[in-house]
Amino acid sequence: MAAVERPFPPGDYDVVVVGSGPGGLQTSYCLRRLGVRHATLSRDERPGGMFQRFPIFQRLITWTKPDAPVARTSREYEWYDHNSLLAEEPELKALVPDLMDRAFDLPSRAEMEAGIAAFADRARLEVRYGCTWESTRHDGDRLVLATSDGEYRCRAAVFALGVTEPWRADVPGLEHAPHYVDTETPERYADRDVFVVGKRNSGFEVAQGILPWARSITLGSPRPVQTDALALSALRVRYLHPYDEYARGGPGTYVLDVTIERIERRGERFTVVAHGTTWDGTLELEVDDVIAATGFQTPLQDLPQLGVVTVADGRIPALTPFWESVAVPGVYFAGNASQGARGLGRRGAGASSTAVNGFRYNARVLARHLAQRLNGAAPAAEPVDDVVAFLLRELTSAPELWVQKGYLCRVVSAGADGFADEDVVPLTHFFDTAGPDAYAASIEVDEAGGIVPTVYARRGGEIAEHRLEPHPLHEYEGDAYREHVAAVVS
């Protein structure tokens, strides 16, 4: 029986995508639809990326509502399904809901991995599995990726590597503690005192998972948890039970705002020495286990030697609004590493580039940017007959804007023949780029975590901000809003 030929042999391509997780597959799908010649490589033997292993305790933090007020094949349904990849074909849309057992509105890790695999299979996405990216260099105007199968030359490379390499804070003694990735089964912590270093999602995930077993659990990091403004919080509601126990004064569960001076191993136990940040004092805690839930970094390999610079203590690449390295042209990132493009940061957090629900939109915008940059393949802008209605409809129901708050915007440009839809672009790009008079619709978050629908008007190179009044049902197509935006446009 003849062997099946593997796709994408070594050679020259316009773009090489590295990774077969949701970021890589979404980018590959969009590049294919735009006719960009590319190769997709993966060291794994199957699609799924990080969901083959994480989250440790099985459930995701992004929700999917199988039954919603809109059809699953509609664009608006993406707002209710934060886990499926994006597609134009109806048969490829909203694949995750059918795989969920509905025990929760959060899919299990296995359900999420199955959804990604189903998308790759039904979309007939070609990936060269078992091909490991090993090193990178420049060769004139091309990037050369050396892999276990040979060399790939390309005009641009998109690294969809995830943020999956364990990162540890610089705390003396923390090297003796296992990282989150090495957390054991919950019953392993039965009748033990556990200190978790970190109070973001991975820290509270661990605490939630072992709460029924451990004798006591203490979580510690310098910054307090912002439960008063969940839109700005790094902690999702799913993991709030340990915090609730602490807030109610339940003994045995503690959430501390502390800097950790050192961790000492003493026989079979640990001593954690910590100082208060929102209170005065020092604690010395004797515990059986310490778990470093201190986060992850992007596995950049030799890219820093090529010139790629990083942010966030070296954990993620520093990126332009279109997710290109700020220092190395032609090196792009997709997936949750795309959070290295910070956006305007005008008001609090809001964008979700760390999760599938956000970076799937980044990947689609990136693919369109690459198609235009490499092939000059800019799709024709569609005319907009009623610009006011168009902008208000986007503010009310555009999933890209609601998921990527203050990060992506929908742009309508003005010309001699009327208005034209310029599609979704990074809000930073709208601010930084000179161009014709135009309007941008954006959903933003204020300092208190409130949602702020906003229209920006660019006239003669100057940009004016127009904030709309919030609506309790987030419906912005009524007469009062129409009058407001009509005045902005006129």
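Residues numbered from 1 in each chain as written. Predicted model: local features only at pLDDT ≥ 70, side-chain atom pairs only at ≥ 80, totals over all residues. Heavy atoms only, no water.

### Some words on the pairing of strand β20 (residues 438–445)
The side chains of a regular strand alternate between the sheet's two faces.
Point 1. Counting buried residues along β20, 8 of its 8 residues qualify, which places the element largely inside the surrounding structure.
Point 2. Judged by which residues are buried, β20 turns out to be covered on both faces: A438, A440, S442 and E444 on one side and Y439, A441, I443 and V445 on the other are all buried.
Point 3. Relative to β20, strand β18 (residues 408–415) runs antiparallel, the two sharing 4 bridges. Across the sheet, the residue bridging to V411 is A440, located in β20.
Point 4. Where β20 lies against strand β21 (residues 451–459), 8 bridges are found, and the strand directions are antiparallel. Residue pairing in the sheet places Y439 in a bridge with A457 of β21.
Point 5. Connecting the antiparallel pair β20 and β21 is a turn made up of 5 residues, with G449 showing a positive phi of about 90°. (Buried < 20%, exposed > 50% of the residue type's maximum accessible area, 1.4 Å probe, protein only. Helix = DSSP H or I, 4+ residues; strand = E, 2+ residues; numbered from the N terminus. Pairing = 2+ DSSP bridges.)

### Focus on unusual backbone geometry
Point 1. In this structure, P55 follows F54 across a cis peptide bond, with omega equal to 0°.
Point 2. Residue position: P55 is located in the loop between β2 (38–41) and α2 (109–122).
Point 3. Of note in this structure, F8 is not a glycine but carries a positive phi near 55°.
Point 4. Tracing the chain through its elements places F8 in the segment before β1 (11–18).
Point 5. Residue classification places F8 among the buried positions, given a relative accessible area of 13%.
Point 6. Backbone geometry places Q301, a non-glycine residue, at a positive phi of 55°.
Point 7. Here Q301 lies in the loop between β13 (296–297) and α5 (303–306).
Point 8. Here Q301 falls in the partly exposed class, since its relative accessible area comes to 42%.

### Considering the sheet that holds strand β9 (residues 253–266)
Point 1. Spatially, 6 strands are ordered β11-β10-β9-β8-β7-β12 in an open sheet, and the strand pairing comes out mixed. Whereas interior strands pair on both sides, the edge strands pair on one side only; in this sheet they are β11 (282–287) and β12 (289–292). Taken over all neighbouring pairs, the strand axes of this sheet differ in orientation by 40° on average, direction set aside.
Point 2. Judged from the 5 bridges that link them, strand β7 (residues 193–197) and strand β8 (residues 216–221) form a sheet pairing that is parallel. The partner of V194 across the bridge, within β8, is I217.
Point 3. The strands touched by helix α3 (residues 201–210) within the sheet are β7, β8, β9 and β12, with β8 carrying the most contacts at an inclination of about 175°. (Axes fitted to C-alpha atoms, helices over the stretch in contact; angles between N-to-C directions. Contact = heavy atoms within 4.5 Å.)

### Focus on the nonpolar core
Point 1. Counting 93 residues, the largest nonpolar core has L145, F159, W323 and F333 as its most contacted members.
Point 2. If one sorts the elements of this core by residue count, helix α6 (residues 356–375) sits on top with 9 residues.
Point 3. Excluding residues within four positions of it along the chain, F159 makes contact with V18, W133, T136, L145, L303, V331, Y332, F333 and A334.
Point 4. Of all hydrophobic cores here, the second largest spans 22 residues; its members include V388, L392, L468 and Y481. (Core = buried A, V, L, I, M, F, W, Y, C linked by side-chain atoms within 4.5 Å.)

### Considering the domain arrangement of the protein
Point 1. The assigned domain composition of the protein is domain 1 (11–164 + 297–375), domain 2 (168–294) and domain 3 (382–489).
Point 2. Averaged C-alpha coordinates put domain 2 and domain 3 at centres separated by 42 Å. (Domains from an automatic or database assignment.)

### Notes on the packing of aromatic side chains
Point 1. Counted under the stated rule, the structure contains 20 aromatic pairs.
Point 2. A ring pair is formed by F54 and F296, whose centres lie 5.7 Å apart and whose planes are at 55°; its orientation type is tilted. Of this pair, F54 sits in the loop between β2 and α2 while F296 sits in strand β13, and the two are 242 residues apart along the sequence. Taken individually, F54 and F296 each receive the classification buried, so the pair is uniform in this respect.
Point 3. Aromatic side chains W63 and W79 sit 6.0 Å apart centroid to centroid with 85° between the ring planes, which places their arrangement in the edge-to-face category. Placement of the pair is W63 in the loop between β2 and α2 and W79 in the loop between β2 and α2, with a sequence separation of 16 residues.
Point 4. For W79, a relative accessible area of 30% translates into the label partly exposed.
Point 5. In this structure an aromatic cluster arises from ring pairing among W63, Y77, W79, Y80 and W402.
Point 6. Taking NZ or CZ as reference, R188 lies 5.2 Å from the ring centre of Y189, over its face. (Phe/Tyr/Trp six-rings, centres within 6.5 Å; stacked < 30°, edge-to-face > 60°. Lys NZ or Arg CZ within 6 Å of the ring centre and 35° of its normal.)

### Digging into the pattern of salt bridges
Point 1. Considering all chains together, one arrives at 32 salt bridges under this definition.
Point 2. Here R33 and E89 are joined by a salt bridge, their closest N and O atoms 3.3 Å apart. Taken together, the positions of R33 in helix α1 (residues 22–33) and E89 in the loop between β2 and α2 put the pair 56 residues apart, joining distant regions of the chain.
Point 3. We classify R33 as partly exposed; its relative accessible area is 48%.
Point 4. Here E151 makes a salt bridge to R137, at a shortest N to O gap of 2.9 Å. In this pair, E151 sits in strand β5 (residues 150–159) while R137 sits in strand β3 (residues 133–139), placing the two residues 14 residues apart along the sequence.
Point 5. Residue class for E151 comes out partly exposed when judged on its relative accessible area of 40%.
Point 6. Since its relative accessible area comes to 37%, R137 is described here as partly exposed.
Point 7. Sharing partners across several salt bridges, the network here consists of R75, R364, E394, E400, R410 and D421. (Salt bridge = Lys/Arg side-chain N within 4 Å of Asp/Glu carboxyl O.)

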